[in-house]
Amino acid sequence: MMDPKTAADAYSRLIIIRLTEEAIAEEYKQQEMKCPVHLSIGQEAVAAGVSLCLSDQDVVFSTHRCHSHYLAKNGDLNRMIAELYGKKEGCAKGLGGSMHLIDEGVGMMGSSAIVGGSIPLAVGAALSFKMFNQPHIAVPYFGDGACEEGVFHESLNFAALKKLPVIFVCENNAVATSSPLLARRPANNIFQHGQVFGIPGYQVDGNDLASVYATAKRAREHAASGKGPVLIEARTYRIMGHVGPQQDCSSGLRTQEEWDQWKDACPIKRFEAYCDEKNLLSESERETMRRSTQLQIQEAFEIAKAGAPAEWIA
Ligand SMILES: Cc1ncc(C[n+]2csc(CCOP(=O)(O)OP(=O)(O)O)c2C)c(N)n1
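Quantities reported herein were computed from a predicted structural model and do not represent experimental measurements.

Trainee: Describe the overall build of the protein, naming the residues involved and giving the relevant values.
Mentor: Per the secondary structure count, the protein includes 10 helices and eight strands. Along the three orthogonal principal directions, the C-alpha set of the protein runs to about 55 × 50 × 45 Å. Within the span of the protein, comprising 314 residues, buried residues form 54% of the whole. Looking at the protein alone, contacts between residues at least 24 apart form 74% of all its contacts between residues at least 6 apart.

Here is the structure:
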């Protein structure tokens, strides 16, 4: 079972992602942000549960949908929001936007909008850890769509061959842009892709933080002991549309009924219920945390709006 300190840490990671993204969705309508945004609302427990098991020296590489990975790894909030507004103070100097977040000090090594692009970068980092005898782990996050890219399979092969300390984390939200998973592949079995390379694969309920945490902890122990990589497929759902601040039920891609079911399976509500059941973190403690996080977010937006525009490099 999780201890109260870890539960508080987990909750703080969940709510900073959710409340920040809700604020982004709201503020986006003002048309002051200088980039498209891909929101992770509904998927927060994956990044939060995995990051809980990582050290500051462990590194993560992310995708176009990277806010959750950056914030869960304790990336600087003010610099992230400034980045979205195209400000000089942004984590990529205001030149990268929402899809290019980086905070090397806490091991958030960057994100790539090239689908599958994060995967070989993490494998390269893991190779360097092994060559220099450093006890760290590399994590590439990627969506189910990335599993149809050749580089995913090449990376699994190479990481297994060299027994590299990698935890491959697939956030399977069952759609890639507007294409459902079973229109793109014969079976919904991503966690089995490592089998032929001898890579252990786990399928986990990605909306259940406690399960993600337990699985990621096991995976980290495996990877850190020199036994090679692990593949985790976390099943989850994106509540918002592929891009932008609205949801996409009206497009015909998902039914309202399906959406409602997943909205009910909210990872934050589920973790709150878990905390109540195990007596880990009370509602009044959670309320205090939500209020202070809201203030932090409000301040981040104020700072970002008042910041200096990015300077273009000739
Ligand atoms: C190599 C490449 N092909 C196509 C695209 C266009 N594209 C952007 S996001 C996306 C869908 C990605 O789906 P998935 O990997 O499941 O991640 P999700 O958006 O669901 O988080 C596609 C096809 C791209 N950016 N890069």
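Back to the text.
Trainee: Kindly report on the site of the ligand, identifying the contributing residues and their values.
Mentor: The environment of the ligand is formed by 14 residues, the closest being H64, R65, A113, G145 and N173. H64 has a polar side-chain atom sitting 2.7 Å from an oxygen atom of the ligand. Contacts to the ligand include G145, whose backbone N or O atom sits 2.8 Å from an oxygen atom. Against a free-state accessible area of 580 Å², the protein chains account for coverage of 69% of the ligand. Grouping the amino acids of the shell around the ligand by side-chain chemistry returns six nonpolar, six polar and two charged.

Trainee: Residues and numbers for the UniProt feature "domain: Dehydrogenase E1 component" (unreviewed entry) in the protein, please.
Mentor: Per the UniProt record, "domain: Dehydrogenase E1 component" (unreviewed entry) is annotated on residues 14-306. Between the end C-alpha atoms of residues 14-306 there is a gap of 27 Å, over a span that is 42% helix and 12% strand.

Trainee: Report on a nonpolar patch on the surface, specifying residues and quantitative values.
Mentor: A cluster of nonpolar side chains, L95, W312 and I313, forms an exposed patch at the surface whose accessible area comes to about 410 Å². You can see W312 is positioned in the segment after α10 (283-306).

Trainee: Which residues make up the pattern of salt bridges, and what values do they have?
Mentor: By the definition in use, this model includes 21 salt bridges. Among the ionic pairs, R220 bridges to D58, the shortest N-O distance being 2.9 Å. Here R220, found in helix α7 (residues 209-224), pairs with D58, found in the loop between α2 (44-51) and β1 (59-62); they are 162 residues apart in sequence, far enough to count as distant. R220 sits in the buried class, given a relative accessible area of 18%.

Trainee: Can you break down the packing of aromatic side chains residue by residue, with the values?
Mentor: By the definition in use, this model includes four aromatic pairs. With centroids separated by 5.3 Å and ring planes inclined at 50°, the aromatic side chains of F142 and F152 adopt a geometry described as tilted. Taken together, the residues F142 in strand β3 (residues 138-143) and F152 in helix α6 (residues 150-161) connect sequence positions 10 residues apart. The class for F142 is buried, based on a relative accessible area of 1%. Taking 5.8 Å as the distance between ring centres and 20° as the angle between the ring planes, the aromatic pair formed by F271 and Y274 counts as stacked. Here F271 pairs with Y274, and both are found in helix α9 (residues 267-278), just three residues apart, close to one helical turn.

Trainee: Pulling in residues and values, what's your account of unusual backbone geometry?
Mentor: Its identity as a non-glycine residue notwithstanding, Q31 has a phi of 60°, on the positive side. With respect to the element layout, Q31 can be found in the loop between α1 (4-28) and α2. Even without being a glycine, N279 presents a positive backbone phi close to 60°. Mapped onto the elements of the fold, N279 is located in the loop between α9 and α10. Judged by its relative accessible area of 70%, N279 is exposed.

Trainee: For the pairing of strand β8 (residues 230-235), give the residues involved together with the corresponding values.
Mentor: The two faces of a sheet get side chains in turn, since along a regular strand they alternate between them. Counting buried residues along β8, five of its six residues qualify, which places the element largely inside the surrounding structure. Relative to β8, strand β4 (residues 167-172) runs parallel, the two being bridged by six bridges. When the sheet's bridge partners are listed, F168 is paired in β8 with L231.

Trainee: Explain the sheet that holds strand β2 (residues 108-111) to me, using residue names and the numbers behind them.
Mentor: An order of β2-β1-β3-β4-β8-β7 is seen for the six strands of this open sheet, with the pairing classed as parallel. Among the strands making up the open sheet, the edge pair consists of β2 and β7 (201-205). The sheet shows a mean angle of 20° between the axes of neighbouring strands, direction not considered. The pairing of β1 with β2 spans two bridges and is classified as parallel. Residue pairing across strands places S62 opposite S111, the latter belonging to β2. Contacts from helix α5 (residues 118-131) reach β1, β3 and β4 within the one sheet, and its direction differs from that of β3 by about 170°.

Cut-offs and rules
- The numbering scheme is per chain: residues are counted from 1 as the chain's sequence reads.
- With the structure being a predicted model, the display of local features is reserved for residues of pLDDT at least 70 and the display and counting of side-chain atom pairs for 80 or more, all residues being used for whole-chain, interface and lining totals.
- The side-chain numbers reported here are obtained from all heavy atoms of the structure, hydrogens and water having been left aside.
- Each helix is a run of DSSP H or I of at least 4 residues and each strand a run of E of at least 2, with the numbering of both proceeding from the N terminus.
- With a 1.4 Å probe rolled over the protein chains alone, any residue whose accessible area is under 20% of its type maximum counts as buried; one over 50% counts as exposed, and the rest are partly exposed.
- Every residue pair with non-hydrogen atoms within 4.5 Å of one another is taken to be in contact.
- Here a residue is near a molecule or strand as soon as one of its heavy atoms is found within 4 Å of it.
- Polar contacts, as counted here, are pairs of nitrogen or oxygen atoms within 3.5 Å of one another; within protein the pair requires one atom able to donate a hydrogen and one able to accept it, and residues that are adjacent in sequence qualify only if both atoms are side-chain atoms.
- With residues, only the protein chains shown are counted as cover, and all accessible areas are computed by Shrake-Rupley using a 1.4 Å probe.
- Residue classes follow a fixed rule: Ala, Val, Leu, Ile, Met, Phe, Trp, Tyr, Cys and Pro count as nonpolar, while Asp, Glu, Lys and Arg count as charged, and any other residue, Gly among them, counts as polar.
- UniProt positions are given in the numbering used here, feature names are shortened, and annotations may be inferred rather than shown by experiment.
- Patch definition: residues above 30% relative accessible area lacking any salt bridge, with like charges linked at up to 9 Å and the nonpolar side chains Val, Leu, Ile, Met, Phe, Trp and Tyr linked at up to 5 Å.
- Salt bridge, as used here: a side-chain nitrogen of Lys or Arg that lies within 4 Å of a carboxyl oxygen of Asp or Glu.
- For Phe, Tyr and Trp, where Trp contributes only its six-membered ring, two rings pair if their centres lie within 6.5 Å, and the inter-plane angle classes them as stacked under 30 degrees, edge-to-face over 60, or tilted in between.
- Strands qualify as paired when DSSP identifies two bridges or more between them.
- In this description, a line fitted to the C-alpha atoms serves as the axis of each element, helices being fitted only across the stretch in contact, and the angle between N-to-C directions of two axes falls anywhere from 0 to 180 degrees.

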